[in-house]
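Given next are the chains, with one letter for each unit.
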Amino acid sequence: FVLSEYTLPVLFRGGLFGERNGRRLLVDTPDLEERRRILEVILREEEIHPSLSILEIAAKTDGFTGSDLKNLCVNAAYRPLRELIDREEKGEQISSADLRPLVLQDFIEALKEISPSVSEDSSSIQELRQWNDMYGEGGSRSRPTLPYFM
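Computed from a prediction, not measured in an experiment: that's the story for all the values here.

A. Quick look at the nonpolar core. Core analysis: the biggest nonpolar cluster contains 15 residues, and Leu39, Leu43, Ile57, Leu72 and Phe107 have the highest contact counts within it. Setting aside anything within four residues of it in sequence, one finds Leu43 in contact with Ile54, Cys73, Leu102 and Phe107.

B. A look at the side chain of Arg36. Mapped onto the elements, Arg36 comes out in helix H2 (residues 32-43). For Arg36, the residues in contact, after removing those within four places along its chain, are Ile54, Leu55 and Ala58.

C. Spatial organisation of the confidence of the model for the protein. Looking at the protein, the pLDDT average stands at 79 and 63% of residues meet or exceed 70. Low pLDDT, under 50, characterises residues 143-150; the predicted model gives this stretch three contacts beyond four residues in sequence or across chains.

D. Looking closely at H2. A rise of 1.5 Å per residue sets the reference length of H2, with its twelve residues, at 16 Å; its end C-alpha atoms lie 16 Å apart and thus fit the reference within 8%. Among all positions in H2, only Arg35, Arg36, Leu39 and Leu43 are buried. Around the axis of H2, the buried residues are gathered within 105 degrees of arc, so they sit on the same side. Two to three positions downstream of the cap, the backbone nitrogen of Glu33 sits 3.3 Å from a side-chain oxygen, assigning the N-cap of H2 to Asp31.

Rules of the game
Residues numbered from 1 in each chain as written. Predicted model: local features only at pLDDT ≥ 70, side-chain atom pairs only at ≥ 80, totals over all residues. Heavy atoms only, no water. Core = buried A, V, L, I, M, F, W, Y, C linked by side-chain atoms within 4.5 Å. Buried < 20%, exposed > 50% of the residue type's maximum accessible area, 1.4 Å probe, protein only. Contact = heavy atoms within 4.5 Å. Helix = DSSP H or I, 4+ residues; strand = E, 2+ residues; numbered from the N terminus. pLDDT = per-residue confidence, 0-100. Expected span 1.5 Å × (residues − 1). Arc of directions from axis to C-beta. Polar contact = N/O pair within 3.5 Å; in protein donor to acceptor, adjacent residues only side chain to side chain.

As structure tokens, this is what we get:
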């Protein structure tokens, strides 16, 4: 059993592994429901405000990969911490109890700094999807056979 990852699937076909590979899978960017589930996993240890809708965040992150979502959450989680540090630098007495939960505005601000690492408009993602339709599990995987007699 061999599991491999390749960012240039055109080279994968007929290359080192040739046609002997049993399956070729495209792991595309997550859809809305998948992003919601990924965000729930990433944020499960964070204190979030009851009014914060993870589905709303997922809706604002179309085209984000799991890694992009992680970066977004880390950036958003630093906002309450930065506010606390700013208050401390101004001479206020603070404690860990003063750390507020995450709110939607934290994610909106983080979205100004974090963007999808894969552009839906890029030719590379279109080529990957086209390759998947032709050779991967997402497509028919059936290629026309040549007749014995031409």
